[in-house]
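Architecture and fold: a report
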Amino acid sequence: MLHHYITHYGQENQDGSIDSIVESWFQVNIFKWCFCFSKKRLNFGAVWQD
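Parameters and conventions
Residues numbered from 1 in each chain as written. Predicted model: local features only at pLDDT ≥ 70, side-chain atom pairs only at ≥ 80, totals over all residues. Heavy atoms only, no water. Pairing = 2+ DSSP bridges. Helix = DSSP H or I, 4+ residues; strand = E, 2+ residues; numbered from the N terminus. Buried < 20%, exposed > 50% of the residue type's maximum accessible area, 1.4 Å probe, protein only. Polar contact = N/O pair within 3.5 Å; in protein donor to acceptor, adjacent residues only side chain to side chain. Salt bridge = Lys/Arg side-chain N within 4 Å of Asp/Glu carboxyl O. Contact = heavy atoms within 4.5 Å. Patch = residues over 30% accessible without salt bridge, like charges linked within 9 Å, V, L, I, M, F, W, Y side chains within 5 Å. Areas by Shrake-Rupley, 256 points an atom, 1.4 Å probe, with all protein chains shown as cover.

As paired elements, strand β1 (residues 2–12) and strand β2 (residues 18–30) share 11 bridges and run antiparallel to each other. Bridge assignment links Thr-7 to a residue of β2, and that residue is Glu-23.

Spelled out as structure tokens, the structure:
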């Protein structure tokens, strides 16, 4: 079965600022195995806000 996932999170930098990161990927599930491919990470450069 083919799935598409997107996640959004904040990543803390060494200077204490937090970047807004979005990751997406495709996942294929075959029996008990999971294979991820076409993984992409985008950094929006915007300050993370809750």
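Moving on: the side chain of Ser-20. Structurally, the position occupied by Ser-20 is in strand β2. Given a relative accessible area of 7%, Ser-20 falls into the buried group. At 2.8 Å, the side chain of Ser-20 and the side chain of His-8 are in polar contact.

Once that is clear, we can look at the pattern of salt bridges. This structure, assessed with the given rule, holds 2 salt bridges. The closest approach of N and O atoms between Lys-39 and Glu-23, which form a salt bridge, is 3.7 Å. One end of the pair, Lys-39, is in strand β3 (residues 33–47); the other, Glu-23, is in strand β2, and 16 residues separate them in sequence. Across the pair Arg-41 and Glu-23 runs a salt bridge, and its minimum N-O distance is 3.7 Å.

Our focus in this paragraph is the side chain of Gln-27. By secondary structure assignment, the location of Gln-27 is in strand β2. Within polar-contact distance, the side chain of Gln-27 engages the side chain of Asn-29 at 2.8 Å. With residues near it in sequence (within four places) discarded, Gln-27 still touches Met-1, Leu-2, His-3, Tyr-5, Cys-34, Phe-35 and Cys-36.

A cluster of nonpolar residues, Ile-30, Phe-31, Trp-33 and Phe-35, forms a patch on the protein surface that exposes about 540 Å² of accessible area. Tracing the backbone through its elements, the reader meets Phe-35 in strand β3. Note on Phe-35: relative accessible area 44%, which makes it partly exposed.

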